[in-house]
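Here is how the chains run, residue by residue.
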Amino acid sequence: MLVDNILLLRERYPALRTYFSEHEGDLTLEQFKTLESRAGSETIRYEPNNEKPLMVHSMYDPVREAERIIASHAEKITEKTHVFFYGVGFGYHVEKFIEMFPNQSYSLYEPIPEMFLEMSKNRELGNIINKNTQNVYVDRHNVEMFDYLDEFTTSNRNIHLIVLPSYKNIIKEKYEQFHQNIKDTIINRQTNLHTDASFQKLWVMNSLINFETVLNTPNMLKDIDRSQFEGKPALIVSAGPSLAEDIEHIRYIKNNNLAYIFSVGSAINSLIEYDVLPDAVFTYDPRVKNKIVFDKMISQNIDHIPMVFGSSVGYETIKNYQGPKVHFITSQDRTSLYFLKEQLNLEHDLILDSPSIAVMTFQILNKLGADPIVFAGQNLGYLHGRHYSKGIEYDIAQSAINEKKLEKALTTKDVYGNEIKTNQTFNNMRENLESFVPLYEGKTFINTTKGGAEIKGVPFQTIEEVINNQFIKPIQKLDWWKKDNSYDEKHIQPLKTTLLESRKEYEKIISKLTNSINSISIYTKTRRKLQLITELNNFDYDYNKLIKNQYYMNFLAFFIRVNANLLENELKMLNKETDVFVRGKEMEKVFTNFIEHCKQGTKELEEVLSAI
């Protein structure tokens, strides 16, 4: 490695330098041969064992080739674009990019450590690493790195990917996996962002309004007698279109007390339609329209079934239902986590928010020790052109799938190994459920959904087989929900006092931040560097006080979580900015917007919070 390259890595990327100094002997460089191109510049050839040699750069003119590569991407690069290079090679295309876009930020990812070492022995890293370089990632000889994905989950800017074309052949499988990783990460981020934007205010508002009910109903995991469920079979009934095919078997299970039957989400309407009432209904959807799911149940005066509700559920759902209620604390419930944290065993008593109430019910039943846990109507895909089972026909959940939607649908494997149509929401539900399965080793899980999506870790058996092999003897079902709440409310009042005090302190902090923003704006425009640096430091100090403020960190930050997360991502970028005037200008923009969201959020929270 050239001396200047060693010095650069020691200063900018010491971990990278340490890796190469300790493992250079582990890298096989014989497969990489540096040559002189016909144009006179150096190029490199990859010579794998017993395979056809492949050029990393052009044998004729690597510089001209680099011009063509960057020119093909130029129209997609704007002022707000961050560029991510996959495959550095000898860096000609990176140099050309820097020449054409001297102020653009970018990151480098070299998936072949031998390539990086060979390049650093022949060319100056300073030609491709400068003040605009955000990150440099290099895979190790014995492990693939995934920290590059952080850029795709935290950057607020558009990220444009430039792949050195030869890498698609040199490391074909590795590149394809990289491409899939990026695709999955972006989809997950978009899904999470959409979810947060849709539900952030509802989660906080519902939790505040529901808190009184939480304090007056038993906690499913804390107060209910575990022995009522431990080692007993439970059937989670979902609203998939295959439910109708198995309804008579579910009736048989119900009539003979062969398992607990728990309805999740909209399935209650199908069960009412077929006159097979469950032992409990589970619900958690924070939206206002969730209450419509139980309209049929309420209109038919069915008020003896326990409703097990997530504490951040739409508050009208539990307000409208007059039957017995039992709660569980969700990870989206900031109110309970603030006031009851010392009274909860978070590892056991907290249920992680999931894209499906079936998954949350699955968590609960595992924590209660139910075994086996069986799914019915868990299609996670379309069947016979339907989204939901018979009996579910209302405005918020149309069962029939139109042809246009089917044409655009995704595909997945069903329990028989065939392809079926599905959508991104169902896929997220399936993947989320699959992620929980390994956490509960030694348990028996079965999917009885005929024609439903395959769920890894939850093998398929017909419901007939389950009745013959698993649900073989009646179980005793007592009134398990008739338990007292065990929360000690005397611990809550001091926390209310602390919250009120922190709310007042929050106002003072926001006032200081607002004044600082005004000063930063003036000093930036008038180019008063020393005063600007002082004010930026003052701002950082007060911002750190804000994020530690009890009111902000427990309530407001979650009420405006999308904006709070976007701000955090911006700060990561601004902290790397060496030009104080650029930082001041950007700080003014992002914080002015953020403070307005803080003020509006506080105004919306005020009335509900004061009622606690």
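Computed from a predicted model, the values in this text were never measured in an experiment.

Definitions and limits used
Residues numbered from 1 in each chain as written. Predicted model: local features only at pLDDT ≥ 70, side-chain atom pairs only at ≥ 80, totals over all residues. Heavy atoms only, no water. Helix = DSSP H or I, 4+ residues; strand = E, 2+ residues; numbered from the N terminus. Buried < 20%, exposed > 50% of the residue type's maximum accessible area, 1.4 Å probe, protein only. Contact = heavy atoms within 4.5 Å. Areas by Shrake-Rupley, 256 points an atom, 1.4 Å probe, with all protein chains shown as cover. Lys, Arg positive; Asp, Glu negative; His and termini not counted. Charge placed at Lys NZ, Arg CZ, Asp CG, Glu CD. Pairing = 2+ DSSP bridges. Right-handed = clockwise from strand over helix to strand, strands pointing away. Axes fitted to C-alpha atoms, helices over the stretch in contact; angles between N-to-C directions. Parallel < 35°, antiparallel > 145°, perpendicular 65-115°, else oblique. Left-handed = near helix turned anticlockwise from the far one by under 90°. Salt bridge = Lys/Arg side-chain N within 4 Å of Asp/Glu carboxyl O. Phe/Tyr/Trp six-rings, centres within 6.5 Å; stacked < 30°, edge-to-face > 60°. Lys NZ or Arg CZ within 6 Å of the ring centre and 35° of its normal. Arc of directions from axis to C-beta. Polar contact = N/O pair within 3.5 Å; in protein donor to acceptor, adjacent residues only side chain to side chain.

**Overview of the overall build of the protein chain**
Right, on to step 1. Within the protein chain one finds 23 helices and 17 strands.
Right, on to step 2. By its C-alpha atoms, the protein chain is 85 × 65 × 45 Å across when sized along the principal axes.
Right, on to step 3. Within the span of the protein chain, comprising 612 residues, buried residues form 54% of the whole.
Right, on to step 4. By sequence separation, contacts in the protein chain at least 24 residues apart represent 72% of the contacts at least 6 residues apart.
Right, on to step 5. For the protein chain, the exposed surface amounts to about 28600 Å²; the carbon and sulfur share of it is 47%.
Right, on to step 6. Computed over 72 positive and 82 negative side-chain charges, the inter-centroid distance for the protein chain is 4 Å.

**Concerning the pairing of strand β5 (residues 106-110)**
Right, on to step 1. The element β5 is largely enclosed, with a buried count of five among its five residues.
Right, on to step 2. The side-chain alternation of β5 yields two buried faces, one formed by Tyr-106, Leu-108 and Glu-110 and the other by Ser-107 and Tyr-109.
Right, on to step 3. Where strand β4 (residues 81-86) and β5 come together, four bridges link them in parallel fashion. Paired with Phe-84 across the strands is Ser-107, a residue of β5.
Right, on to step 4. One crossover worth recording links β4 to the parallel β5 by way of helix α4 (residues 92-100), and it is right-handed.
Right, on to step 5. By the bridge criterion, five bridges tie β5 to strand β6 (residues 133-138) in an arrangement that is parallel. What sits directly across from Leu-108, in β6, is Val-136.
Right, on to step 6. Crossover handedness for the path β5 to helix α5 (residues 113-122) to β6: right-handed.

**Brief notes about the packing of helix α15 (residues 357-368) against helix α17 (residues 424-436)**
Helix-helix packing is described using two parameters, namely the angle between the two axes and the distance between the axes.
Right, on to step 1. Running from N to C, α15 and α17 point in directions that differ by 10 degrees, and their axes come no closer than 9 Å. As summarised for this structure, α15 and α17 are arranged roughly parallel, according to the angle between their axes. As for the relative orientation of α15 and α17, their crossing is right-handed in sense. Where α15 approaches α17, its residues Val-359, Phe-362 and Gln-363 are matched on the opposing element by Met-429, Asn-432, Leu-433 and Phe-436.

**Here's the deal with unusual backbone geometry**
Note: most residues except glycine have negative phi, and most peptide bonds are trans.
Right, on to step 1. That bond from Asp-371 to Pro-372 is cis: its omega, 0 degrees, falls within 30 degrees of zero.
Right, on to step 2. Summarising the element assignment, Pro-372 is placed in the loop between α15 and β14 (373-376).
Right, on to step 3. Positioned with a positive phi, Arg-527 is a non-glycine residue whose angle comes to about 60 degrees.
Right, on to step 4. Summarising the element assignment, Arg-527 is placed in the loop between α19 (492-525) and α20 (529-548).

**A look at the sheet that holds strand β17 (residues 445-447)**
Right, on to step 1. As summarised here, the arrangement of the eight strands in space is β13-β12-β11-β10-β9-β8-β14-β17, forming an open sheet in which the pairing is parallel. Where the open sheet ends on each side, the last strands, each with one partner, are β13 (350-351) and β17.
Right, on to step 2. By the bridge criterion, two bridges tie strand β12 (residues 325-330) to β13 in an arrangement that is parallel. What sits directly across from Ile-329, in β13, is Leu-350.

**Concerning the pattern of salt bridges**
Right, on to step 1. Here the structure, examined in full by the defined rule, presents 27 salt bridges.
Right, on to step 2. For the salt bridge of Asp-139 with Lys-174, the shortest nitrogen-to-oxygen distance reads 2.9 Å. Placement of the pair is Asp-139 in the loop between β6 and α6 (149-154) and Lys-174 in helix α8 (residues 172-214), with a sequence separation of 35 residues.
Right, on to step 3. Given the relative accessible area of 0%, Asp-139 is considered buried.
Right, on to step 4. Here Glu-434 ties to Arg-430 by a salt bridge, and the two come within 3.3 Å at their closest N and O atoms. Of the two residues, Glu-434 and Arg-430 are both situated in helix α17; the distance of four residues between them amounts to about one turn of the helix. Of the two residues examined, Glu-434 and Arg-430, each falls in the buried class.
Right, on to step 5. Each member of the salt-bridge network shares a partner with another, and the members are Arg-64, Glu-67, Lys-96 and Glu-99.

**Regarding the sheet that holds β6**
Backbone hydrogen bonds hold the strands of a sheet together, and the pairing may be parallel or antiparallel.
Right, on to step 1. Spatially, the four strands line up as an open sheet ordered β6-β5-β4-β7, and their pairing is parallel. Edge strands, defined here as strands with exactly one partner in the open sheet, are β6 and β7 (158-163). Going across the sheet, the axis of each strand differs from the next one's by a mean of 15 degrees, ignoring polarity.
Right, on to step 2. Contacts between α8 and the sheet are confined to β4, β5 and β7, with β4 contributing the most and set at about 155 degrees to the helix.

**Some words on the packing of aromatic side chains**
Right, on to step 1. Scanning the entire structure with this criterion turns up 41 aromatic pairs.
Right, on to step 2. Pairing Phe-97 with Tyr-106 gives two aromatic rings, centres 5.5 Å apart and planes at 75 degrees, and the pair type is edge-to-face.
Right, on to step 3. Note on Tyr-106: relative accessible area 1%, which makes it buried.
Right, on to step 4. Of the aromatic side chains, those joined through ring pairs into one cluster are Phe-84, Tyr-86, Tyr-109, Tyr-137, Tyr-148, Phe-152, Tyr-167, Tyr-175 and Phe-178.
Right, on to step 5. Looking at Arg-140, its charged tip hangs above the ring of Tyr-19, at a distance of 4.7 Å from the centre.
Right, on to step 6. Sitting above the plane of the Phe-581 ring, Arg-527 keeps its charged end 3.8 Å from the centroid.

**A few points about helix α2 (residues 14-23)**
Right, on to step 1. Residues of α2 that are buried include every one of Leu-16, Arg-17, Tyr-19 and Phe-20, and no others. All buried residues of α2 project into a common sector of 160 degrees when viewed along the axis, lining one side. Within α2, the exposed residues directed more than 90 degrees away from the buried face are Ala-15 and Glu-22.

**Structural notes on the side chain of Glu-151**
Right, on to step 1. With respect to the secondary-structure elements, Glu-151 resides in helix α6.
Right, on to step 2. With a relative accessible area of 3%, Glu-151 lands in the buried category.
Right, on to step 3. Among the polar contacts listed, one links the side chain of Glu-151 to the side chain of His-82, at a separation of 3.0 Å.
Right, on to step 4. In contact with Glu-151, other than residues within four places in its own chain, are His-82, Phe-84, Ser-107, Gln-134, Asn-135, Tyr-137 and Ile-159.

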